[in-house]
Amino acid sequence: MSDTDSSRARLVGINHVALEVGDVEDALDFYGEIFEFEVRGRTDSAAFLDMGDQFLALSEVDDPGGADQHRHFGLVVDDADAVERRLDALDVETLTGRGLDFLDPWGNRIQVVDYEEIQFTKAGHVLRGMGLSDLEKSDDAIAELAEKGMAPEED
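First things first, this report covers the structure right here in the doc.

Parameters at a glance
- Residues numbered from 1 in each chain as written.
- Predicted model: local features only at pLDDT ≥ 70, side-chain atom pairs only at ≥ 80, totals over all residues.
- Heavy atoms only, no water.
- Pairing = 2+ DSSP bridges.
- Helix = DSSP H or I, 4+ residues; strand = E, 2+ residues; numbered from the N terminus.
- Contact = heavy atoms within 4.5 Å.
- Axes fitted to C-alpha atoms, helices over the stretch in contact; angles between N-to-C directions.
- Buried < 20%, exposed > 50% of the residue type's maximum accessible area, 1.4 Å probe, protein only.
- Salt bridge = Lys/Arg side-chain N within 4 Å of Asp/Glu carboxyl O.

## A word on the sheet that holds strand β4 (residues 54-60)
Pairing is mixed in the open sheet, where eight strands are placed in the order β2-β3-β4-β1-β5-β8-β7-β6. Looking along the sheet, the strands with just one partner apiece sit at the ends: β2 (38-42) and β6 (94-95). With four bridges joining them, strand β7 (residues 100-103) and strand β8 (residues 109-114) adopt antiparallel strand pairing. The partner of L100 across the bridge, within β8, is V112. Sitting on the sheet, helix α2 (residues 80-89) touches β5 (72-77), β6, β7 and β8, and the angle it makes with β7 is about 35°.

Below you can see the structure in the form of structure tokens.
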């Protein structure tokens, strides 16, 4: 749909992709042979490969080809509350967890995150071109960016 509808959130970008792997150490070794990266974070069963303000999440599961437990992609929107309202209006069930996750009719898991709350950042000229120049970052998101030397310049 291309018409403007204020009840729907605008897509801004892709925050991350989450893949399921059989062994996190093996996955780190494999991807490390191909790409240079920093590990953003780590748990016993997951690793997060830093790509600046985006990341690749590797989640260890018993059957990586079976039922998708962690495999998903994270979409960045200008208004996550609007997405939640639309999902509710369409009777689309949200999944339990820490974010706004749901399955599309084909079983693809989608996680929705609000632009202002995360590191992912579009350049000002790109936001202007998308008609989203009014988007801002929360103090927490700016602090995360500042830790990496990527804080936005003051206007």
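Moving on from the model shown.
## Looking at unusual backbone geometry
Even without being glycine, D91 reaches a positive phi, approximately 55°. Within the secondary structure, D91 is located in the loop between α2 and β6.

## Structural notes on the side chain of Q111
Within the secondary structure layout, Q111 lies in strand β8. We classify Q111 as buried; its relative accessible area is 15%. Ignoring any residue separated from it by four or fewer positions in sequence, one finds Q111 in contact with H16, H72, F73, G74, L75, L100 and D101.

## Quick look at the pattern of salt bridges
On inspection of all chains with the given rule, the structure shows five salt bridges. With a shortest N-O distance of 2.9 Å, R40 and D50 are connected by a salt bridge. Here the residue R40 occupies a position in strand β2, and D50 occupies one in strand β3 (residues 46-51), the gap between them amounting to 10 residues. Take R40: its relative accessible area is 29%, and that puts it in the partly exposed class. According to the relative accessible area criterion, D50 is buried, its value standing at 19%. Put simply, D101 and R109 hold a salt bridge, and the shortest N to O gap is 3.0 Å. Salt bridges sharing partners connect three or more residues here, namely R40, D50 and K148.

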